[in-house]
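One letter stands for each residue in the lines below.
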There are 4 protein chains.
Amino acid sequence: MNTHKNTSRSRLRVGILGGNGYTGRELTHLVAAHDGVEIVFSTSRSSAGAPTGVPGLVFTEPDEEEAREADLLFLCLPHGDAAAWVERVGRGPRIIDLTADHRPGSGREEGAVYGIAEREGARIAEARLVANPGCYPTGVILALAPLLDAGVVDRNRLTVVNAASGVTGAGRTPRADLLFAEVHGNFKAYGEGNVHRHRKEMMHTLGELELLFQPHLLPVARGILETIVLPVGTGVNATRIRELWEQAYTGCHALRVLPEGIPELASVVGTDRLHLGVVDVQDVADPVVTVVAALDNLGKGAAGQAVQNMNLMYGWDRERGVRC
Amino acid sequence: MNTHKNTSRSRLRVGILGGNGYTGRELTHLVAAHDGVEIVFSTSRSSAGAPTGVPGLVFTEPDEEEAREADLLFLCLPHGDAAAWVERVGRGPRIIDLTADHRPGSGREEGAVYGIAEREGARIAEARLVANPGCYPTGVILALAPLLDAGVVDRNRLTVVNAASGVTGAGRTPRADLLFAEVHGNFKAYGEGNVHRHRKEMMHTLGELELLFQPHLLPVARGILETIVLPVGTGVNATRIRELWEQAYTGCHALRVLPEGIPELASVVGTDRLHLGVVDVQDVADPVVTVVAALDNLGKGAAGQAVQNMNLMYGWDRERGVRC
Amino acid sequence: MNTHKNTSRSRLRVGILGGNGYTGRELTHLVAAHDGVEIVFSTSRSSAGAPTGVPGLVFTEPDEEEAREADLLFLCLPHGDAAAWVERVGRGPRIIDLTADHRPGSGREEGAVYGIAEREGARIAEARLVANPGCYPTGVILALAPLLDAGVVDRNRLTVVNAASGVTGAGRTPRADLLFAEVHGNFKAYGEGNVHRHRKEMMHTLGELELLFQPHLLPVARGILETIVLPVGTGVNATRIRELWEQAYTGCHALRVLPEGIPELASVVGTDRLHLGVVDVQDVADPVVTVVAALDNLGKGAAGQAVQNMNLMYGWDRERGVRC
Amino acid sequence: MNTHKNTSRSRLRVGILGGNGYTGRELTHLVAAHDGVEIVFSTSRSSAGAPTGVPGLVFTEPDEEEAREADLLFLCLPHGDAAAWVERVGRGPRIIDLTADHRPGSGREEGAVYGIAEREGARIAEARLVANPGCYPTGVILALAPLLDAGVVDRNRLTVVNAASGVTGAGRTPRADLLFAEVHGNFKAYGEGNVHRHRKEMMHTLGELELLFQPHLLPVARGILETIVLPVGTGVNATRIRELWEQAYTGCHALRVLPEGIPELASVVGTDRLHLGVVDVQDVADPVVTVVAALDNLGKGAAGQAVQNMNLMYGWDRERGVRC
């Protein structure tokens with residue numbers, strides 16, 4: 001069924017480019033614990049020679065030849081560097097790109113499959129290049145797409161996504177505004193005015209929709225909580241929303257639909273799960289519900305979904321080695 | 001002009017009931033630093049005899065006789081206990097009630113003046129009983145009221161207030177969900193579905209308005225950030241909003257309208273200021289702006305505004321002793 | 001070799017009393033992931049009926065009959081309640097007591113084996129009742145015992161243990177001093193004057209030794225760092241200390257001796273490992289070294305070591321199901 | 001009495017070089033609130049033109065001419081840059097150097113007075129150049145010096161100072177190890193092996209003493225707690241230590257000797273106070289006491305003491321404008 005090479009070998013030979021950022025480290029540990037693969041390298045220019053935390057594996061300088069010979073490459077590079085590496089390695093390894101370089105709206109999405117694991121399994125299975133989704137879009141798309149498909153959302157009234165993320169979402173390059181003393185005890189909005197890049201990524205997938213996406217920076221290391229005010233059709237309520245999610249995500253162990261109430265951040269930190277909850281809203285004229293999605297930006301929002309995508313690409317169980 | 005007693009004395013004799021909660025402590029320190037008053041007592045049943053942190057002042061048991069003889073009483077009691085004390089002390093002292101007991105929507109608001117200091121100065125000056133506003137409503141009302149007055153808000157489309165508060169807003173009574181290990185690294189919504197008590201307080205002041213108020217609990221000790229998606233009339237933009245605020249709040253030193261951009265929490269923590277900012281929102285069909293209000297829930301959201309109200313009641317400068 | 005019942009069954013039937021404190025929750029999750037056991041119950045009086053977080057397992061009321069029929073009981077109760085349960089269940093199940101009730105110095109240590117997993121394997125294997133060590137003593141004993149055995153420590157000069165722990169070490173019962181707003185941004189010593197209970201536990205194991213143990217409360221959820229100023233014999237240095245540790249702990253995968261430098265807290269949080277490091281100290285007349293031990297109070301300091309003890313009791317690999 | 005210029009002017013004209021680091025900002029705000037001075041400039045190369053937070057004052061580029069014309073210069077520059085500025089401005093302004101450049105042990109201490117405000121008032125009053133003490137040494141010296149003077153300390157046994165500081169002590173230049181995600185939930189020792197620069201500063205003041213100084217990095221923004229194991233002479237106890245402190249510091253309002261117990265960090269954060277406490281230690285052969293000192297590294301540990309030094313230099317009350 002799967003036409004790509006390497007499935008006969010005992011273990012998949014995986015390389016990680018950019019293994020020492022927050023996403024790279026999380027992925028290196030997650031992939032190291034996966035029983036179907038072997039990490040052949042994890043690179044870091046600045047930390048070449050240093051231990052990765054995985055026994056027996058040190059960071060190495062990126063090497064083009066070595067990259068070409070891997071079965072599968074994960075790209076955890078700074079946004080912008082991944083596209084060049086895709087060119088460079090040619091038709092050799094399959095690739096999962098965790099940067100924004102090949103996502104919808106990037107201008108380079110052609111030839112890449114957008115890897116929302118629970119929705120694009122068939123296309124991911126055949127993909128040579130998977131664009132691993134952004135952390136914020138993962139939560140919003142998995143929450144809203146089945147509801148939009150079912151026609152219960154009023155696309156003409158404004159959907160307001162207020163999101164808040166831990167600081168690892170901003171990467172590990174030193175910046176004054178990410179110093180502990182700046183973030184501790186603080187909270188702020190950013191990307192204000194509907195200008196955050198991730199909105200475009202959502203819109204490409206969700207289609208025509210009045211959408212305001214407002215992210216905030218939380219004084220926590222990891223995790224995303226998205227509080228969504230969702231305009232719905234007459235008679236649509238929380239119960240109906242939960243039914244639609246459950247239908248859409250039967251057998252998706254990384255997705256938990258709460259039987260009542262809404263999730264909190266702590267329940268998902270350190271996991272690869274997405275928790276979804278919804279409540280009815282009282283005292284408003286036109287019907288809305290409040291949807292809350294919680295995920296770990298480094299888990300389901302990055303490395304966890306990347307491993308799901310790898311599993312799908314190689315015909316394995318989607319949740320193999322995933323922290324559900 | 002002011003018909004109440006005691007203005008001839010050299011210093012106003014002030015009593016604080018409930019001085020050892022987070023609000024009570026903040027108020028005790030702030031009032032102690034005010035050069036127009038003398039604290040005659042600060043009570044705490046559980047900590048009677050313990051130091052207040054103010055040199056020379058220890059907490060005492062609440063005493064009805066003593067309470068009656070103060071010029072001014074601040075009530076920082078648990079919600080529900082304040083009403084009984086107002087009955088008890090009769091026509092003696094003037095009162096600033098920091099609980100919810102006499103706020104709009106409480107059922108006991110008659111006879112009380114709702115003390116939004118920058119908007120109700122004249123009525124506060126004459127009040128015997130001031131209901132000090134809730135922390136969340138203070139930010140929302142001061143942000144929205146001048147805009148509603150000016151008719152630039154579309155009252156029929158949904159105004160979405162996403163708010164986040166530090167944990168001191170929940171008080172100092174031990175609760176499992178407020179333990180450090182539960183809050184640290186966590187973030188969650190509460191009062192979901194538009195049911196939080198503070199919404200009613202806002203609505204009584206703002207009038208008919210489609211309003212969804214969604215609070216969250218932040219892993220910080222103090223401070224509130226309110227991100228408001230505000231539907232506005234055609235042609236209304238951020239510049240116009242700022243003009244309206246500036247007109248409304250000329251000479252209000254505790255209120256800062258940012259010349260551009262939006263405020264962050266850290267700028268107001270430990271102060272009695274409210275910072276207001278607004279930006280235009282792109283890529284939406286019907287016009288909205290994003291308004292952000294930042295204040296310290298214990299400062300402008302409680303003790304700071306209480307001191308402003310005291311100043312107004314005694315004909316002093318509204319910002320006397322206030323951390324602007 | 002092992003004379004106790006139940007080893008022929010396919011899976012060990014394990015019960016957890018007190019499954020909803022911080023230790024109980026950690027243990028419930030860790031044991032649920034262990035492939036040699038089956039959890040037959042995890043109790044919580046206050047949360048009976050609520051989900052444990054482990055799929056298919058809800059908290060139940062403690063039941064004496066049920067407790068007697070388990071193969072192995074873990075006691076994660078408040079200190080003081082465990083002794084009564086040990087009486088109650090009689091000669092039925094083997095027991096691992098995570099409370100202080102049967103530790104050295106408790107007065108009830110007779111009949112219990114003190115379960116320092118890496119040092120008492122043979123005795124633990126035969127034990128009916130294991131007293132799982134305290135979190136602070138685990139680090140101090142594993143760091144110092146091999147050095148004392150080798151005679152390189154000067155027992156007459158003062159050994160100073162400055163330790164700092166995250167708040168989960170203090171349990172989950174609501175207390176005002178453990179509220180988020182009290183701990184956030186704070187740091188303090190407690191048990192000052194050498195009076196902390198854990199010192200006695202250390203002394204019983206380490207023998208005659210001049211020892212000052214000074215704990216502190218850290219504004220983190222979990223983890224312990226112990227900085228030990230250790231007086232050593234002439235000519236003893238960091239290199240020699242590392243050699244002694246490596247000899248003592250060959251094959252102990254949960255113990256990592258750093259090849260140089262000292263460990264930090266973040267390296268062990270969420271794991272069952274203990275990290276040990278040591279450096280030489282300059283500019284002092286009598287030789288001392290600085291030893292640093294890092295562990296997670298809920299991991300190697302509680303649940304992790306409990307699982308190691310279970311493994312030893314049933315003849316399994318000591319690190320089976322342990323997060324090394 | 002005071003032979004320096006400018007005391008006749010109505011307000012002292014003060015300049016701040018390096019006003020946008022953590023120390024510079026704290027000092028700018030503190031000095032702006034002082035009623036005896038006027039800030040003529042606060043410099044920041046990277047933020048020239050940006051607001052300082054003090055109404056009406058923006059950061060400017062450092063200007064040699066302007067610096068020479070100030071009455072008093074505060075140097076909050078990176079360590080190493082201050083010495084060059086002292087050369088540059090010649091005999092013009094008096095100077096308070098908050099860097100390490102002229103502190104004891106720097107090699108440039110000649111001509112500078114080491115500004116421990118409570119101990120060197122007479123010399124500071126006459127100084128042209130004051131070396132403002134380091135944050136850690138301030139606590140240790142104020143705690144120990146009166147005890148050493150009184151001869152109650154055993155200088156031959158090891159005094160162990162375990163100190164922990166918030167991250168603002170490390171400055172505001174972006175560094176990977178100071179990012180929020182690295183510090184949050186973490187705790188670590190540094191300067192291990194008795195090599196931290198501040199030890200030398202302490203030793204120059206305290207004289208011959210067996211001293212081990214071990215700093216740690218706390219996950220808080222500000223504040224220092226120093227837990228000192230102090231060997232004392234026979235019969236010396238906590239009560240005696242407190243008496244000696246009280247004698248030494250009569251009238252020193254920025255120093256609080258606790259009547260019993262030990263201070264915690266939160267009591268001093270945001271203030272210019274130093275809190276001292278001491279307890280007796282049981283179960284040790286040779287007598288020791290545990291001393292705890294708490295101060296804000298940006299307050300008494302930097303800007304607060306700098307303002308005290310300014311007050312002393314100009315014959316003002318030592319605590320004028322100081323947050324006691």
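This one's a predicted model, so the numbers in the text were calculated from it and none came from an experiment.

A.B. asks: Let's hear about the pairing of strand β10 (residues 224-231) of chain B: which residues, and what values?
C.D. replies: Residue and element names in this part refer to chain B. Taken across its 8 residues, β10 has 8 buried, putting it largely inside the fold. Burial along β10 is two-sided: the residues Ile224, Glu226, Ile228 and Leu230 and Leu225, Thr227, Val229 and Pro231 are all buried. Pairing of strand β7 (residues 159-165) with β10, which is carried by 6 bridges, proceeds in the antiparallel orientation. Across the sheet, residue Val161 finds its bridge partner in β10, namely Ile228. In terms of strand pairing, β10 meets strand β13 (residues 288-295) through 8 bridges, oriented antiparallel. If you follow Val229 over to β13, its bridge partner there is Thr290.

A.B. asks: Please provide a residue-by-residue account of helix α7 (residues 197-206) of chain D, values included.
C.D. replies: Residues and elements named next belong to chain D. Taken as a whole, α7 has its buried residues at His198, Arg199, Glu201, Met202, Met203 and Leu206. On its buried face, α7 sits against β5 (113-114), α5 (135-149) and β9 (211-217). Among the residues trailing α7, Gly207 stands out with phi positive, at a value near 80°.

A.B. asks: I'd like to hear about the relation of the copies chain B and chain A, residue by residue, with values.
C.D. replies: Superposition record for chain B on chain A: RMSD 0.0 Å, screw rotation 180°, translation along axis 0.0 Å. The two molecules are tied by a two-fold rotation axis, judged by turn and shift. Interface overlap between copies is the fraction of interface residues in one copy that are interface residues in the other; for chain B against chain A it reaches 100%, indicating a shared surface.

A.B. asks: Break down unusual backbone geometry for me, citing the residues and quoting the values.
C.D. replies: Residues and elements named next belong to chain B. With a phi close to 80°, Asn194 is a non-glycine residue in the positive phi region. By the element assignment, Asn194 lies in the loop between β8 (188-189) and α7 (197-206). Given a relative accessible area of 2%, Asn194 falls into the buried group. Residue Asp283 is not a glycine yet carries a positive backbone phi of 60°. With respect to the secondary-structure elements, Asp283 resides in the loop between β12 (274-280) and β13.

A.B. asks: If you had to explain the interface of chain B and chain A to someone new, which residues and values would you point to?
C.D. replies: The partner chain A presents 40 residues to the 40 residues of chain B that form the contact. Each partner contributes to the roughly 3,200 Å² buried at the junction of chain B and chain A, and carbon and sulfur atoms together form 63% of this total. On the chain B side of the interface with chain A, the three residues burying the most area are Phe187(B), Glu192(B) and Gly193(B), jointly 14% of the side's total. Listed by contribution, the elements that provide at least two residues to the side of chain B that touches chain A are β7, β8, β9 (211-217), β10, β12 and β13 of chain B. Ranked by residue count, the leading element in the side of chain B that touches chain A is β9(B), at 4 residues.

About the criteria used
- Residues numbered from 1 in each chain as written.
- Chains lettered and ligands numbered in written order.
- Predicted model: local features only at pLDDT ≥ 70, side-chain atom pairs only at ≥ 80, totals over all residues.
- Heavy atoms only, no water.
- Buried < 20%, exposed > 50% of the residue type's maximum accessible area, 1.4 Å probe, protein only.
- Helix = DSSP H or I, 4+ residues; strand = E, 2+ residues; numbered from the N terminus.
- Pairing = 2+ DSSP bridges.
- Contact = heavy atoms within 4.5 Å.
- Least-squares fit on C-alpha atoms with pLDDT ≥ 70 in both.
- Buried area = accessible area lost by both parts, 1.4 Å probe.

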